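# Reading the structure
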Amino acid sequence: MKPKWWQGGLFYLIILLAILALAFSLLPNSSKPEKVDFYTFVEQAKQGEIDTIEQDGSTLIGLKDDEKKIEASFVGSTKELMDSLKEAGIALGEDGITFTVKAGGFDWGGILISFIPLVLFGALLFFLFRSARGANTQAFNFAKSRARLAGNKPTVTFSDVAGVDEAKGELQEIVEFLKSPQKFLALGARIPRGVLLVGPPGCGKTLIAKAVAGEAGVPFFSISGSEFVEMFVGVGASRVRDLFEQAKRNSPCIVFVDEIDAVGRHRGAGLGGGHDEREQTLNQILVEMDGFDSSTNVIVLAATNRPDILDPALLRPGRFDRHVVIDQPDINGRKAILQVHSKGKPLAKDANMEVIAKQTPGFSGADLANLINEGALLAARRDMKQIGLKELEDSIDRVIAGPEKKGRIISQKEKEIIAYHETGHALVGKMLPNSDPVHKISIVARGMMGGWTRFLPTEDRHLWTHSQFEDRLAVGLAGRAAEEINFGEVSTGAQNDLEQATSLARRMVTEYGMSTKLGPRTFGKREELVFLGREIHEQRNYSEKVAEEIDDEVKKLIQNAYDTARKILSENKARLKLVAERLMAKETIEEKEFDDLLKEPLPSPELQATPAS
Ligand code: ADP
Ligand code: ZN
């Protein structure tokens, strides 16, 4: 942060000016005229109390020796005024009272001066407000609930949410209840009060909550747990009270609490002791929910991606006793989401969503929505009338790694290293039976990566076998192996690969029981220190000797994988060169071109089959 001395200085200057201005405006002003009515004004003029009359719009000012003495109002033209004065017997002109009319009729200067204190006080308030907010407090809007009546009734329906059919089924009941509660009450059914939507970010928790309200045609109030964290003690609780009051007045309705883990963590786990703001806020939510009776048609939906750290009190019956999982979409889900978001957009014939869905494992709904949007932007930039497959595929890379860094300059040598590195990954991936097919190799830098090789999984995987892991390790280390074989030394480019390989090998040994030497058991207990947020710490439940054995096993796995990669690449040195050179020339190679390259007769047979070292 920059030092804000000038801001502080300005702040005090404004306070000083404001006080001065106030003092001056309160001081008895000698030149401030006394307000009188028109007849008194005329009387005083007759008696010679004033020597000049000034007409200023609808105001008359009487002056004596250039000092404002009295003031009265007169509505009418100058002629009417002069007539009235003459009628009253006042002599105007050379030997009587001087009469002047102020041009413009409006005393802007006077108005401005009288506004200065006001402006200064405005500025003062603004600064106070700003500094209060800067201190992470919300001093000025604590009384108001920030719950939003999102357009009253959302127009989103279940048809806008794709790939989560199971969740929709479970929430359908809530919709039914909101629509016709009597049906349920007549049967004595206990009405659900809270439903916890569990799932990773961007997978449509907010969207589906809105859709529930939309389907039932009821208002939707939303508030985020993280809003409460930044507030004064007591403010959170009062805001919750407000929110629920508002909701009950508008029932039937949905209250949506986003990021409930921000307030709903295990109580007593906070660093600030047991009485912090979060806890009071959480208590208030519980009190409100417990206060619902059978006639309260308010259903609270809350979203979290960390159900494990929630306070058990939140999960008791009558509170958030139902959990609906909104998971990362699988391949069919992704296709459906892509279709929802491309609805109404001009798509080219070749823009097959299934192809895109296949290429986007791990994408959330939000990523996919983003992808379609990027595709449309790209098509517009390319002056096209429709979004084609090419645009969508190009957008995948953009969403994964951010926009292409065309501006980054890499030297020819660096480019060569990256090309061999990536080709190493691709070749070893191609040769090993348990690896996914290579989809694309690129040395165009994106985001943090110098280059990348994308493998295309043939299916969504939930289980991994030992040999799949082994092959994955070899593919991961192949970049480094290729560098070593071709240049005789390695670069820092493989750092991330090494990290990932090490972590995978370690998990194979300690979590999946995949080491024959150590046997089928786990080692260490991973725990999250809730009071420190997301910090993870491993609790050791094994001896020093076992620790050494684990290290040995990890080392062995990695060494074996590295040897495999080296062997494959040494035996295919000519191929490595062929592909890497093509990659340097074209920067990106697609699956088909890669496969063709591997079938091509080698240019110089003498390069082939250098024995592995
Ligand atoms: P969350 O609340 O789980 O973080 P959101 O509901 O805010 O996620 O999702 C963000 C956006 O991503 C949505 O507005 C929508 O455009 C898109 N999206 C996410 N999941 C889906 C889905 N299952 N179907 C359609 N669109 C989705
Ligand atoms: Zn690599």
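Treat the numbers as computed from the prediction; the structure is a model and nothing was measured.

### Let's talk about the pairing of strand β10 (residues 298–304)
In terms of burial, β10 is a largely internal element, 7 of the 7 residues being buried. A two-sided burial pattern is seen for β10, the buried positions comprising V298, V300, A302 and T304 on one face and I299, L301 and A303 on the other. Two strands pair when backbone bridges link them, and strand β7 (residues 194–198) and β10 are joined in this way by 5 bridges, in the parallel orientation. The partner of L197 across the bridge, within β10, is A303. As paired strands, strand β9 (residues 253–258) and β10 are joined by 5 bridges and run parallel to one another. Considered in β10, the bridge of F256 is made with L301.

### Notes on the coordination of the zinc ion (ligand 2)
The zinc ion (ligand 2) binds to the protein through H421 (NE2), H425 (NE2) and D497 (OD); the donor distances cover 2.0 to 2.1 Å. Look at where the donors of the zinc ion (ligand 2) fall in the sequence and you get H-x3-H-x71-D. On the criterion of sequence distance, the pair formed by H421 in helix α16 (residues 412–431) and D497 in helix α18 (residues 495–510) is long-range, its members being 76 residues apart. An identical accessibility class is assigned to H421 and D497; each is buried.

### As for the sheet that holds strand β12 (residues 438–442)
A sheet is described by the order of its strands in space; here 3 strands give the open sequence β13-β12-β16, paired in antiparallel fashion. Taken across any chain shown, the strands that pair with only one partner, and hence form the sheet edges, are β13 (452–455) and β16 (588–590). Here the strands of the sheet are splayed against their neighbours by 10 degrees on average, with no regard to which way each runs. Inspection of the sheet shows β12 paired to β16 by 3 bridges, in the antiparallel sense. Pairing of K440 across the sheet is with E590, part of β16. Along the sheet, α16 makes contact with β12 and β13, crossing β13 at roughly 20 degrees. Lying on the sheet, helix α20 (residues 573–586) is in contact with β12 and β16; it crosses β16 at an angle near 120 degrees.

### A few points about the site of ligand 1
Surveying the vicinity of ligand 1 reveals 16 residues, the closest of which are A162, G202, K205, T206 and H341. A366 is positioned with one of its backbone polar atoms (N or O) 3.4 Å from an oxygen atom of ligand 1. Contact with the protein chains hides 79% of the accessible area of ligand 1, taken as 560 Å² for the molecule alone. Put simply, the parts of the chain that give the shell around ligand 1 at least two residues each are α7 (205–216), α12 (331–342) and α14 (365–381). Within the shell around ligand 1, the residues separate by chemical class into 9 nonpolar, 5 polar and 2 charged. Counting contributing residues, the shell around ligand 1 receives three or more from each of domain 2 (148–325) and domain 3 (331–400).

### Digging into the packing of aromatic side chains
Two aromatic rings, taken as a pair, are described by how far apart their centres are and by the angle between their planes. Per the counting criterion, the structure on display carries 7 aromatic pairs. Arranged with centres 5.4 Å apart and planes meeting at 80 degrees, the rings of Y420 and F487 form a pair that is edge-to-face. In this pair, Y420 is assigned in helix α16 and F487 in helix α17 (residues 466–487), connecting sequence segments 67 residues apart. An aromatic cluster is present here, built from W464, F469 and Y512 joined pairwise through their rings. Stacked on the ring of W464, the Lys or Arg R472 has its end atom at 4.8 Å from the ring centre.

### Looking at the pairing of β12
Summarising burial for β12: 5 of the 5 residues are buried, a large majority. Bridging between β12 and β13 involves 4 bridges; their strand directions are antiparallel. By the bridge assignment for β13, S442 is matched with W452.

How each quantity is defined
- Residues numbered from 1 in each chain as written.
- Chains lettered and ligands numbered in written order.
- Predicted model: local features only at pLDDT ≥ 70, side-chain atom pairs only at ≥ 80, totals over all residues.
- Heavy atoms only, no water.
- Buried < 20%, exposed > 50% of the residue type's maximum accessible area, 1.4 Å probe, protein only.
- Helix = DSSP H or I, 4+ residues; strand = E, 2+ residues; numbered from the N terminus.
- Pairing = 2+ DSSP bridges.
- Donors = N, O, S within 2.8 Å, 3.2 Å for Na, K, Ca; no water.
- Axes fitted to C-alpha atoms, helices over the stretch in contact; angles between N-to-C directions.
- Contact = heavy atoms within 4.5 Å.
- Near = heavy atom within 4 Å.
- Polar contact = N/O pair within 3.5 Å; in protein donor to acceptor, adjacent residues only side chain to side chain.
- Areas by Shrake-Rupley, 256 points an atom, 1.4 Å probe, with all protein chains shown as cover.
- Nonpolar A, V, L, I, M, F, W, Y, C, P; charged D, E, K, R; others polar.
- Domains from an automatic or database assignment.
- Phe/Tyr/Trp six-rings, centres within 6.5 Å; stacked < 30°, edge-to-face > 60°.
- Lys NZ or Arg CZ within 6 Å of the ring centre and 35° of its normal.

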